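# Observations on chain architecture
The residues making up each chain are set out below.
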Amino acid sequence: MPSNASVQVAQRAQEIYNARYRTQLEATHADEFVAIEPDSGDYFLGRTLSEAIQAARSAYPERISLAMRVGHKAAVELGVLVP
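Reference entry: report on the structure contained in this document.

### Here's the deal with helix H1 (residues 4–28)
At Tyr 21, H1 shows its maximal bend, which comes to roughly 75°. Every buried residue belonging to H1 is among Val 9, Ala 13, Ile 16, Tyr 17, Tyr 21 and Leu 25, and all of these are buried. The inward-facing, buried residues of H1 contact strand S1 (33–37), strand S2 (42–46) and strand S3 (66–69).

Okay, structure coming up:
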């Protein structure tokens, strides 16, 4: 179960994404990954989830960011491969 602090970070970052960045990023960076640091409101793009997270950690090593896939409800999809 996520901590209360993690839930608050995720909610704030999601609000920032929806209010400031959703339209722009979905038009220009669909299917890429974005990490949002909610205290600054800064965002970091990457072709992979790891790249976006690393960019956020490099800029703000002591802060927690929310990472998501641009234009998707989830950052990753888990499924079963059917032969």
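### Points about the side chain of Glu 37
Assignment of secondary structure puts Glu 37 in strand S1. Glu 37 gets classed as buried once you look at its relative accessible area, which sits at 1%. Not counting the four nearest positions on each side in its chain, Glu 37 is found in contact with Asp 42, Phe 44, Tyr 60, Arg 63, Ile 64 and Ser 65.

### Looking at the packing of aromatic side chains
Per the counting criterion, the structure on display carries two aromatic pairs. With 4.5 Å between their ring centres and 55° between their planes, Tyr 21 and Tyr 43 make a pair best called tilted. Pair noted here: Tyr 21 is in helix H1 and Tyr 43 is in strand S2, with a separation of 22 residues, a long-range link. Exposure remark for Tyr 21: the relative accessible area of 12% places this residue in the buried category. Plain terms: the ring middles of Phe 44 and Tyr 60 are 6.2 Å apart, the flat faces sit at 70° to each other, and that makes the pair edge-to-face. Of this pair, Phe 44 sits in strand S2 while Tyr 60 sits in the loop between helix H2 (49–59) and S3, placing them 16 residues apart in sequence.

### Here we look at the pairing of S1
Judged by how many residues are buried, S1 sits mostly within the fold: five of five residues are covered. Going residue by residue along S1, you find Phe 33, Ala 35 and Glu 37 tucked away on one face and Val 34 and Ile 36 tucked away on the opposite face as well. Two strands pair when backbone bridges link them, and S1 and S2 are joined in this way by five bridges, in the antiparallel orientation. Residue pairing for S2: Glu 37 is matched across the bridge by Asp 42. Counted along the chain from S1 to the antiparallel partner S2, the turn is four residues long, and its residue Gly 41 has a positive phi close to 80°. Here S1 pairs with S3 via four bridges, running antiparallel. Counted as the bridge partner of Ala 35 is Ala 67 from S3.

Scoring rules and cut-offs
- Residues numbered from 1 in each chain as written.
- Predicted model: local features only at pLDDT ≥ 70, side-chain atom pairs only at ≥ 80, totals over all residues.
- Heavy atoms only, no water.
- Bend = angle between axes of the 7 residues up to and from the residue.
- Helix = DSSP H or I, 4+ residues; strand = E, 2+ residues; numbered from the N terminus.
- Buried < 20%, exposed > 50% of the residue type's maximum accessible area, 1.4 Å probe, protein only.
- Contact = heavy atoms within 4.5 Å.
- Phe/Tyr/Trp six-rings, centres within 6.5 Å; stacked < 30°, edge-to-face > 60°.
- Pairing = 2+ DSSP bridges.

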